[in-house]
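Chain residues, written in single-letter form:
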Amino acid sequence: MMQKAPQDLSAQEAPVSGSPLFHLAHKISRKFNDVRLRQVKQWGFVPQTIPYQGYGTTEWVRVLGRVLLTSKPLPGARTDRAKLSRAQNVRGWRSFTSVPLQYVDVEIEIGDTVTHVRADRGGLVDTVIAVHLPPGANTAVLRAEGTEPVEARIQIISAEEKFGIVSDIDDTVMVTALPRPFLALWNTFVLNERARTPTPGMAVLLDRLAKQHPDAPIIYLSTGPWNAAPTLARFLARNMYPTGALLLTDWGLTQDRWFRSGQQHKNTNLDRLATEFPETRWLLIGDSGQHDEEIYSRFASAHPNNVAAIAIRQLSPGEAVLAGAHAAHGNKSNADVPWLYSPDGAGLAEQLQKRGLV
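Quick caveat: nothing in here was measured; it's all calculated off a predicted structure.

About the thresholds
Within every chain, residues take consecutive numbers counted from 1 along the sequence as written. In keeping with the model being predicted, local features are shown solely for residues with a pLDDT of at least 70 and side-chain atom pairs are shown and tallied solely at 80 or more, while totals for entire chains, interfaces and linings include all residues. Just so you know, side-chain values use all the structure's heavy atoms and leave hydrogens and water out. Fitted lines through C-alpha atoms serve as axes, helices being fitted only where they are in contact, and the angles separating the N-to-C directions of these axes extend from 0 to 180 degrees. Working definition: helices are DSSP H or I runs of at least four residues, strands are E runs of at least two. Numbering for both runs from the N terminus. Here is the rule for angles: anything less than 35 degrees is roughly parallel, anything more than 145 is roughly antiparallel, 65 through 115 is roughly perpendicular, and the remaining ranges are oblique. Here a crossing is taken to be left-handed if its near helix is turned anticlockwise relative to the far helix by less than a right angle, and right-handed if that turn runs clockwise. We call two residues in contact whenever any of their non-hydrogen atoms come within 4.5 Å of each other. Throughout this description, buried means an accessible area under 20% of the type-specific maximum (1.4 Å probe, protein chains only), exposed means over 50%, and partly exposed covers the range between. At least two DSSP bridges between two strands are required for those strands to pair. Look down the strands so they point away from you; if the path from the first strand over the helix to the second goes clockwise, the crossover is right-handed.

Participant: Help me understand the packing of helix α4 (residues 202-212) against helix α9 (residues 345-354) in this model?
Facilitator: A pair of packed helices is characterised by two quantities: the angle between their axes and the separation of those axes. At a minimum axis separation of 7 Å, α4 and α9 run at an interaxial angle of 30°. Considering their axes alone, α4 and α9 lie roughly parallel with respect to each other. The chirality of how α4 crosses α9 is left-handed. Along its contact with α4, which presents Met202, Leu205 and Arg208, the element α9 presents Gly345, Leu348, Ala349, Leu352 and Gln353.

Put into structure tokens, the structure is as follows:
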């Protein structure tokens, strides 16, 4: 039986731990954010609640969203029309000009249930709400003070659904050549959205999986920042990937670390999915560029009954060198968990078809 996740990530300003230098860094970060807030308010930026797709069961939902100060021209203005005309022609850096509103109250309305939570220091809302909903597509309405209400799509998973899909994004569904420092910055801040390249065959593979398992949860788990969520969502939609919840992270300081750990982010969310859906077997899709094999191997060892297969997109020799890839690693000794390798989605689809998964 599906269980409610033990974590509720509604924001609480946790105490900072670490050295005096680390405390000073947090103080500087807070001061810098205060300066940015004052500046963008002078520029006419307005509060906006950004909804992200969530998921849940018939007894609870995980709701995701973010509250930002954004540049938002008045409807009908010439700048607004110009913005709409280039909506699909956006440089990545524009996603990072918004400023998060920290620790603001956010009202979440789902049917007759109304809940108030606080955004975290990055303006993010990530919370679990007990509510009874039918399986399928549902919506939650999010509103923060001074913002228009927005609807977040919620995918409610039936208790009968025992299959799910978790996919990485960078170099798995989208060729980014991360984590090369220069090209990572180029892809994130400069590259035109339409210049981002889909990985050959991966959209077809995921679409076939979605049609084969129409009620299965689809989770896009990435170490990319929440600032990039609108860009990633547009990329996925434009390239015909099935819709799914984005689980991203934020760059910069945490309460006890100088930099957020991408591996920890993925490990934590995978373990959470195993807790939330204890009877679900996940198809884990990643690439050979960095740590996906290691992360998926650890999850398969800890939760062997929750893994249907692990599908790894092999980088080309050139991609592997530039991405800093190394020899395949991870414990593949668990015979009950098949590991599949191919340089593209078509090859992975062929192997998955032989195993009856697509």
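Participant: What exactly am I supposed to notice about the pairing of strand β12 (residues 218-225) here?
Facilitator: Regular strands have side chains that alternate between both faces of the sheet. Summarising burial for β12: seven of the eight residues are buried, a large majority. Pairing analysis gives three bridges linking strand β9 (residues 163-167) to β12, with the strands arranged parallel. Across the sheet, residue serine 167 finds its bridge partner in β12, namely tyrosine 220. With four bridges connecting them, β12 and strand β13 (residues 245-249) associate as parallel partners. Directly across from leucine 221, in β13, lies its bridge partner leucine 247. The handedness of the β12 to β13 crossover, carried by helix α5 (residues 229-238), is right-handed.

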